[in-house]
Structures are given as structure tokens and as C-alpha cells.
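Residues per chain, in single letters:
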Amino acid sequence: MMMKVAKRCIWWVSAMVCASVLLSGCSSNTAEKPASGENVTIRLDQFSGNGESEEALKKMIEKFNEQHPDVTVELQSFGYDDYFTQLQSKVVGGSAADVFELNFENFVAYASEDVLLDVGGLMGDSSGFNQTALKAFQYKGKQLGIPNSFSNVVLIYNKDLFDKAGAAYPTDDWTWAEMLEAAKKVRALSQDTYGLYRPISFHEFYKGVKQNGGNLLSEDGKKFTVNLPQNVETLEIMSGWVKDSNIMPSDAQMGGMGDWDLFKSGRLGMIITGIWAFGDFADNCNFAWDVAMEPGNTTKATHFFSNAYVVNKETANPEAAAALAAFLSGSKEAAQIRVDSSWELPPVTYSDVLGFLFKSHSAGESGSCI
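Presented here is a report on the structure given in the accompanying data block. The structure presented is a predicted model; accordingly, all values stated were derived computationally and were not measured. Position numbers for residues count from 1 along each chain, tracking the sequence in the order it is written. Under the rules for a predicted model, residues below a pLDDT of 70 receive no local features and side-chain atom pairs below 80 are neither given nor counted, while totals for whole chains, interfaces and linings still include all residues. In computing side-chain properties, one takes all heavy atoms of the structure into account and sets aside hydrogens as well as water.

It is the rolling of a water-molecule-sized probe over the atoms that shows where space remains empty. Think of a 1 Å grid over the protein atoms and nothing else: a 1.4 Å probe that fits but is trapped marks a cavity, an open set flanked by protein within 12 Å on at least five of seven lines marks a pocket, and residues with an atom within 4 Å of a point count as lining. Grid points are joined across faces, edges and corners, and a volume is the space filled by probe spheres set on the points. Approximately 560 Å³ is the volume found for the largest pocket. Lining the largest pocket are 21 residues, with Ser48, Trp276, Asn307, Trp343 and Glu344 sitting closest to its centre. When residues of the lining of the largest pocket are traced back to their parent elements, those giving at least two are strand E7 (146-158) and strand E11 (302-311). A helix here means a DSSP run of H or I that spans at least four residues, while a strand means a run of E at least two residues long, and both kinds are numbered starting from the N terminus.

A few words now on helix H4 (residues 104-111). The cut-offs for exposure are 20% and 50% of the maximum accessible area for each residue type, with area from a 1.4 Å probe on protein chains only; residues under the lower value are buried, those over the upper are exposed, and the others partly exposed. Those residues of H4 lying buried are Phe104, Phe107, Tyr110 and Ala111. Taken down its axis, H4 places every buried residue within 105° of arc, on the same side. Elements that come into contact with the buried residues of H4 comprise helix H3 (80-93), strand E4 (99-103), helix H5 (131-136), strand E5 (138-139) and E11. The arc in question is traced by the directions running from the helix axis to the C-beta atoms. Here a residue-residue contact requires only that any non-hydrogen atoms of the pair lie within 4.5 Å.

Now for the side chain of Asn246. Checked against the element boundaries, Asn246 lands in the loop between helix H9 (229-243) and helix H10 (251-254). Under the relative-accessibility criterion, Asn246 is labelled buried at 17%. Not counting residues within four places of it along the chain, the set of residues in contact with Asn246 comprises Arg187, Tyr194, Gly240, Trp241 and Gln253.

With 13 of 13 residues buried, E7 lies mostly within the body of the structure. Here a strand pair is declared whenever DSSP counts at least two bridges between the two strands. Relative to E11, E7 runs antiparallel, the two being bridged by 6 bridges. From the neighbouring strand, Asn152 faces E11, where its bridge partner is Phe304. As paired elements, E7 and strand E9 (residues 268-274) share 5 bridges and run antiparallel to each other. Of the residues in E9, the one forming a bridge with Val154 is Thr273.

Only one rule defines a salt bridge in this text: a Lys or Arg side-chain nitrogen within 4 Å of an Asp or Glu carboxyl oxygen. Evaluated as defined, the whole model comprises 13 salt bridges. For the salt bridge of Lys90 with Asp45, the shortest nitrogen-to-oxygen distance reads 2.8 Å. Pair noted here: Lys90 is in helix H3 and Asp45 is in strand E2 (residues 40-46), with a separation of 45 residues, a long-range link. The exposure class assigned to Asp45 is buried, which follows from its relative accessible area of 3%. In this structure, Arg198 and Glu294 form a salt bridge, with 3.7 Å as the shortest nitrogen-oxygen distance. Residue Arg198 is found in the loop between strand E8 (194-197) and helix H8 (202-211), and its partner Glu294 is found in the loop between strand E10 (289-292) and E11; the two are separated by 96 residues along the sequence. We classify Arg198 as buried; its relative accessible area is 0%.

With a phi angle near 50°, Lys140 is a residue other than glycine that sits in the positive phi range. Note that Lys140 resides in the loop between E5 and strand E6 (142-143). One non-glycine residue, Glu344, lies in positive phi territory at about 50°. Relative to the helices and strands, Glu344 is located in the segment after helix H14 (332-340). Taking relative accessible area as the criterion, Glu344 reaches 25% and is therefore assigned partly exposed.

Okay, the nonpolar core next. Ile156, Phe263, Met270 and Trp289 are the most contacted members of the largest nonpolar core, which has 41 residues in total. Apart from the residues within four sequence positions on either side, Met270 is in contact with Leu155, Ile156, Tyr157, Phe162, Trp174, Met179, Ala182, Ala183, Gly195, Leu196 and Tyr197. Take the buried Ala, Val, Leu, Ile, Met, Phe, Trp, Tyr and Cys residues and link them wherever side-chain atoms come within 4.5 Å; each set so joined is a nonpolar core. Counting residues in hydrophobic clusters, the runner-up holds 31 residues, among them Val119, Ile146, Phe327 and Ile337.

A word on the packing of aromatic side chains. Pairs were defined over the aromatic rings of Phe, Tyr and Trp, the Trp ring being its six-membered one, requiring ring centres within 6.5 Å. Orientation was assigned from the angle between planes: stacked under 30 degrees, edge-to-face over 60, tilted for the rest. The final tally for this structure, using the stated rule, is 23 aromatic pairs. With a centroid separation of 6.2 Å and an interplanar angle of 55°, the aromatic rings of Phe162 and Tyr169 are classed as tilted. Residue classification places Phe162 among the buried positions, given a relative accessible area of 0%. Using a relative accessible area of 31% as the deciding quantity, one classes Tyr169 as partly exposed. The interplanar angle of 75° and the centroid separation of 5.4 Å between the aromatic rings of Phe263 and Phe287 together place this pair among those described as edge-to-face. With Phe263 in helix H11 (residues 259-264) and Phe287 in the loop between helix H12 (278-284) and E10, this residue pair connects regions lying 24 residues apart in the sequence. Summarising the burial analysis for this pair, Phe263 and Phe287 share the class buried. Pairwise contacts between aromatic rings join Trp260, Phe263, Phe278, Phe281, Phe287 and Trp289 into one cluster.

What follows deals with the pairing of E10. Judged by which residues are buried, E10 turns out to be covered on both faces: Trp289 and Val291 on one side and Asp290 and Ala292 on the other are all buried. Bridge analysis of E7 against E10 gives 4 bridges, and the strand direction is antiparallel. Paired with Ile156 across the strands is Val291, a residue of E10.

This brings us to the packing of helix H2 (residues 54-67) against helix H13 (residues 318-330). Lines fitted to C-alpha atoms define the axes here, with helix axes fitted over just the stretch in contact, and angles between the N-to-C directions of these axes take values from 0 to 180 degrees. One can describe the packing of H2 onto H13 by two numbers: an axis separation of 10 Å at closest approach and a directional angle of 125°. As the angle between them shows, H2 and H13 are arranged oblique. In this structure, H2 meets H13 at a crossing whose hand is right-handed. Residues Leu57, Met60, Ile61, Lys63, Phe64 and Gln67 of H2 form the contact with H13, whose participating residues are Ala320, Ala323, Leu324, Phe327 and Leu328. The residue classification treats Ala, Val, Leu, Ile, Met, Phe, Trp, Tyr, Cys and Pro as nonpolar and Asp, Glu, Lys and Arg as charged. All others, Gly included, are polar. Grouping the constituent residues of the contact of H2 with H13 by class yields 9 nonpolar, 1 polar and 1 charged. Relative orientations are named as follows: roughly parallel for angles under 35 degrees, roughly antiparallel for angles over 145 degrees, roughly perpendicular for angles from 65 to 115 degrees, and oblique for any other angle. Handedness of each helix crossing follows the sense of rotation of the near helix against the far helix: counterclockwise by less than a right angle gives left-handed, clockwise gives right-handed.

Have a look at this one:
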């Protein structure tokens, strides 16, 4: 999903993907408790809380159980590479969990097969959710998923290198031209210092095309328009950052180092990457850095990523399943745990939970925002 963004935005997620989000003080209970007084068991299959994030997810489930003691949650975590193969087999075989996780890319495929429960009337008060993320999991007028996280791509820059190079910090009005000018100044600092890293990949090319006024499909979505002049120009500009100005290192110049590692080493002026890098950079960058809206050429555009919990249409306990999905996704308790664990960002608008986003980050501080 590609979202055009308003000219004047703060980088944090809710403002990056929609022009305006109202911060609201909503109840932390986003769904009603199951009506049944009997003990029920809800199976939960998921992938995003695999590995280090699983402990945070277990803490969320504990908080859920404090309010829903009659619900037992059986959690199964899977690696992303295996998850969707197993999920497809379970859905086809009629053995899918009561609640399972989907990413935005796969949501429509499952929604269109009529295997997901409409949770619109079961999730309780939804005003605390970022409405852009919430609407992303609607299909044919039905709320078939509850977003549990969302993120996008931003420009992160090394303030120390900018200061040494005498380059002005990025602003919302920057285009590729201003980005190139600053990157050249940083590149001139030393032989092994680079101004920019933006992956040359299909995803970045697609986004770059949108930022340059082009498109890979016709407006009706029926024809490929790969050879549009704007698209060709986009590819020439992006490849030129490596071949011509060399503000961006080639694979050989990277020497096997990853782009995040290059930035953390203090030898990269700007990196265009997802906000999921914040935790790593906050812990491992020994220099001042900050975040800005990603520059476009003729317009602004960024990627939108989101995961959601969905409820199996065949669940025997729809109220309990929806209550679990809603709590893990949008309750204030779960949102705080997610933020504290640096596990992406919750799709909510609780100002007291997201207040850390307004803090400035410099070397030695925790947190990473403007």
C-alpha cells in the first residue's frame, strides 16, 4: 500500500500515513468481556512476536487474563518464513487457530475467501486506533482484521556528520535535489564516508516512481506502464547515486557490511529505512541522529506496513476471540508493553503512551524522535 502524505507532518507513524490524527483518551478496554461465564480456550497463532518479541507478547496476554480470567490463551509462534505456508494448510484443512495474524500484503487473499469473522461489532470502542491502520483491514464494508502494529519508511540522518559537512538538516520541503546536495557534502568528508543509503530494490523503485510522479500500472490497474518517462528517469537517478555521484556505496564498497551497520559506524550521512530501526539505532549509535520525512522528487510518498489479528470465522468462541484480538492490538496496556519493548509501534493514538515520540535523540540518550 502506498500512501501520499501531507506536506507538513511530524515523522511519527500516525502523522506519516495520514494528514491528521486526533489524539483521544480512550478506555484501555477495547472490547467487551466474553458474555459466557464458562472457561474457554482461544488458540492464537502469530509470527511478528516470534523470537525476542515473544516475551512482550506473553506480558500482553497476562494483562488480558487479568481482565478475562475465564479465557485461556494457547500461544503458538512461528518464524515468518514458515508461517504462511502452515497457515494456508491449516485454513484449507479446517484447523486454523481461533485468532491468527496476517500482514497487510496477505490480508485480502484471506478476506476474499470468506474465512475471516467480521469483528466490527465485537471489538468495542475503536476510537483509540489510528483510523488509517484500522481501515486498511476493512474488506467490502466489513472489519475483518484489527491492526496490531504499523510502520513506514523515513529518512534518518547523522546530525554530527551534517554539522561537520556544514550541511543544513533535512526539512519537510526537501526534494531529491536537496538530498543530493547534502549527501555530496557528507561524501566529501572522507574516502570511506557516504552521504546516502537507499536500497536499489523493487520496493524502493516502486516507491521512487510514485515520488517522481510515475506509476507501474495504469489508473484502472489493467495495464503495465513500466516504460513511462518518469519511471525511466527514476531508475536513472537512483542508479546515479551509486555510479555517478557515488554518494551511495556500491556493493563492493560496502564490503559485506549491512546498511544499518554502516550507519551505526558513523560513516553514513542519511539512511532511508523503516522505523523498526529506531530501537537498534538508539542502543548502538554513539552520535546524535534525528528523523525527517522522506524526500520525494515531484511529490511525497512512503510505504505503509501493518500486521493485524484476525478471527477465524469458524471459531466456537467469537466474543472471546475478538476480545483477545482487540486487547492485544489496541488496549493501552498492550500498547505500553509494545513501546517499552521497542517492538514496532502500536496503531493507537494514546498521547501518554506515544509521548516519547516527541523527545529528541542525541548520543547517550534513549529514545529517538524529533
